[in-house]
Amino acid sequence: MARVAIIGGGVAGVSSALILSQLDIDIKLFEAKDSLVGGPPFCHLHAGGNLYPDITDKERVQLLKESVEFARYYPFCVDKRPTIIAYPKRFKKDVQDFLPTLKMLQLEYKKLIEADSTNTILGDWKDYYKLYSKAKLEELAKKEPKDKPQNVDEWLIPFAKYTNLDTLQFPVIVVQEYGLNMFKLSAGAELSLNSIDNIDLNLNTEVTDIKKEGSKYTVSYFKDNKIESQEFDFLINAAGFKSGYIDDMLGLHKDRMVEFKAAYITNWECNIKFPEIIFHGERGSSEGMAQFTPYPSNYFQLHGMSKDITLYKNGLAKATPNSAQPKLEDSFIDKIEYGWSQSELELRTKQAVAHMGFFIPKFAQEAKKAFKPLYGAQQIPGCNISLRGAEVEFVKNYARCEIVKVSSATTMAKEIAKELKKLKLTNKDFTQNLKHLKNLKESELKSLSEAIAKARGYPKELADVVNPMKL
Ligand SMILES: Cc1cc2nc3c(=O)[nH]c(=O)nc-3n(C[C@H](O)[C@H](O)[C@H](O)COP(=O)(O)OP(=O)(O)OC[C@H]3O[C@@H](n4cnc5c(N)ncnc54)[C@H](O)[C@@H]3O)c2cc1C
């Protein structure tokens, strides 16, 4: 049987392992950390890319298709709640110009359902998006928020009640882009991978060197305080923002960037179930996009796409002619390896809360810093900082995973499965049905995902999905 090495147990590595385990191959997954899916965070299934005003329609359609597929594999980590997209008056783009894009995405979603009715994961295609006038929102603002919102109008009540509507353009858009929970995915992946016979999962194991001889790769790795080596027929580089180090070990060059970003966890004792809310803005300016992401038990995560909140001056590094690995400044690597200083954490969280306060004033008056941020560095292939749709590149028996959004991971893994067949390293085909994921037990998922959240220094509630998707 062909032997396949996967370097990295983020969403790209675990999706590769799960999908490729259906083939007649032996898989060894190396992950340097003590748990899976512990790289940069994610909270949003970009089913249409509506958070990004600057990407192409082609990328939007790709994100839509891939999100539908991703949610079909991993329904247990999808939080089924809509996303509000609001264009502020101060934003230079006009919301009216975006409406044809929504129509286009709605029709693309319809096509997906017509091709396969099990793709109906975002609800009926006619309900993919809905538009709200100021008058309609003012009417909703008079109602009481619901504990269990049953329709889009009910989800909109808290937004209508607490947002300063005078800051916005109209219509306000609601799209069926759902939330994602990384702790649930981490737990589900670990439980599944441990139960599959042809996967050898190695946590706390760092790949330190790779030699290529003929068509074989000899991978050296550090585990249990010693270096060991093993030979493989195919190599998958899923090392996230450290992918360039693997390219360097192989003497391969690749243009890529890495970007450090952070989102802040706050506590607002409002006891209200909010949807996700996006207030658009110009990336990198002091009025950059503000993203309000609800978790259970009054925790709210904030992104602010300005340089003193989520983004950083010098937070973007590029590969050089001498190395495929972009080098972030030490201060970012220190945060990733050792954590944050209390003063920086307090300052940035305060700035994030104030940034959101422009739109939701009561939040700014009452919200408090809760825990350390969710943060990390992510890879972006090539030189286009707005790129969101990217998957995988092949160089002979080597796959370089290049996802920017997590929803690309399952499509990417299927491309690798096709490549293995093309190279005659397997005779089998993958199927959509991953029985190990389907057999996960809710109680085991809950206890392991909460344990992972706590071990990483977050409250166990962040591992909870408010409205889990059932398929
Ligand atoms: C603040 C922030 C918010 C984000 N929000 C979203 C979102 O809402 N939705 C979304 O889709 N995306 C989001 N992203 C992007 C998303 O987090 C990444 O695209 C995704 O996690 C990348 O997954 P990956 O598997 O490619 O890499 P990673 O998750 O980085 O996994 C790579 C793994 O490889 C391991 N590794 C590296 N080198 C070695 C080695 N030599 N040996 C062994 N193991 C090694 C690492 O330890 C790591 O676990 C966000 C990113 C950031 C920074």
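Since we're looking at a predicted model, the values are computed, not measured.

Caption draft 1: Local environment of the domain arrangement of the protein chain. As assigned here, the protein chain comprises domain 1 (2-40 + 183-252 + 388-463) and domain 2 (57-181 + 257-381). Each of domain 1 and domain 2 has a C-alpha centre, and the two are 27 Å apart. Opposite the 37 residues of domain 1 that make contact, domain 2 presents 32 residues. With five residues, helix α7 (residues 243-250) is the largest single contributor of residues to the side of domain 1 that touches domain 2. Here the side of domain 1 that touches domain 2 is composed, by residue class, of 18 nonpolar, 12 polar and seven charged.

Caption draft 2: Structural detail: the site of the ligand. In the vicinity of the ligand there are 38 residues, among which Gly 8, Gly 10, Ala 12, Gly 39 and Gly 240 approach most closely. Elements represented by at least two residues in the shell around the ligand include exactly α1 (11-20), β9 (206-213), β13 (256-267) and β18 (368-381). Its residues assigned to classes, the shell around the ligand shows 20 nonpolar, 12 polar and six charged. Mapping the shell around the ligand onto the domain boundaries places at least three of its residues in each of domain 1 (2-40 + 183-252 + 388-463) and domain 2 (57-181 + 257-381).

Caption draft 3: Representation of α1 in the model. Counted residue by residue, α1 has 10 buried out of 10 residues, so it is predominantly covered. Looking only at α1, the buried set comprises Val 11, Ala 12, Gly 13, Val 14, Ser 15, Ser 16, Ala 17, Leu 18, Ile 19 and Leu 20.

Caption draft 4: Region of the structure containing the sheet that holds strand β12 (residues 234-237). Read across the open sheet, the six strands follow the order β8-β2-β1-β12-β20-β19; overall the sheet is mixed. Bordering the open sheet on either side are β8 (199-202) and β19 (392-395), each of which pairs with just one other strand. Strand-to-strand twist across the sheet, computed as the mean angle between neighbouring axes with direction ignored, equals 15°. Bridge count between strand β1 (residues 2-7) and β12: four bridges; the pairing is parallel. When the sheet's bridge partners are listed, Ile 6 is paired in β12 with Ile 236.

Caption draft 5: Broad picture of the environment of Val 174. As for its position among the elements, Val 174 is in strand β6 (residues 172-175). When the C-alpha positions of Val 174 and Asp 127 are compared, they lie 9.5 Å apart, and in sequence the two are 47 residues distant. Sequence-distant contacts of Val 174, defined by excluding residues within four places in its chain, comprise Pro 82, Ile 84, Tyr 129, Lys 130, Tyr 132, Val 152 and Leu 156.

Caption draft 6: Representation of the pairing of β9 within the structure. Two elements, β9 and strand β10 (residues 216-223), share seven bridges in a ladder whose sense is antiparallel. Note on β10: the bridge partner recorded for Lys 211 is Thr 218.

Caption draft 7: Local environment of helix α9 (residues 342-357). Given a rise of 1.5 Å per residue, 16 residues ought to cover 22 Å, and the 22 Å separating the end C-alpha atoms of α9 matches this to within 8%. Every buried residue belonging to α9 is among Arg 348, Thr 349, Ala 352, Val 353, His 355 and Met 356, and all of these are buried. On an axial view of α9, the arc spanned by its buried residues comes to 160°, and they lie on one face. The exposed set on the far side of α9, more than 90 degrees from its buried face, consists of Ser 343, Glu 346 and Ala 354. Looking at the buried residues of α9, the elements they touch are β13, β15 (290-294), β16 (299-304), α10 (361-366) and β18.

Caption draft 8: Layout of the nonpolar core. Membership of the largest hydrophobic core comes to 129 residues, with the highest contact counts inside it found for Ala 5, Ile 6 and Ile 236. Among the elements that make up this core, the one with the highest residue count is α1 (seven residues). Counting residues domain by domain, this core receives three or more from each of domain 1 (2-40 + 183-252 + 388-463) and domain 2 (57-181 + 257-381). When sequence neighbours within four positions are dropped, the list of residues in contact with Ala 5 reads Lys 28, Phe 30, Tyr 217, Val 219, Phe 232, Leu 235 and Ile 236.

Caption draft 9: Local environment of unusual backbone geometry. Here the amide bond leading from Phe 170 into Pro 171 is cis, since omega sits at 5°, within 30 degrees of zero. Note that Pro 171 resides in the loop between α5 (152-162) and β6. Even without being glycine, Ser 297 reaches a positive phi, approximately 55°. Along the chain, the position of Ser 297 falls in the loop between β15 and β16. In the Ramachandran plot, Asn 298 falls in the positive-phi region, its phi being about 65° despite a non-glycine side chain. One can find Asn 298 in the loop between β15 and β16. The exposure class assigned to Asn 298 is partly exposed, which follows from the 16 C-beta atoms found within 10 Å.

Procedures and definitions
Residues numbered from 1 in each chain as written. Predicted model: local features only at pLDDT ≥ 70, side-chain atom pairs only at ≥ 80, totals over all residues. Domains from an automatic or database assignment. Contact = placed C-beta atoms within 7 Å. Helix = DSSP H or I, 4+ residues; strand = E, 2+ residues; numbered from the N terminus. Nonpolar A, V, L, I, M, F, W, Y, C, P; charged D, E, K, R; others polar. Near = placed C-beta within 6 Å. Buried ≥ 20, exposed ≤ 12 C-beta atoms within 10 Å, placed from the backbone. Pairing = 2+ DSSP bridges. Axes fitted to C-alpha atoms, helices over the stretch in contact; angles between N-to-C directions. Expected span 1.5 Å × (residues − 1). Arc of directions from axis to C-beta. Core = buried A, V, L, I, M, F, W, Y, C linked by C-beta atoms within 7 Å.

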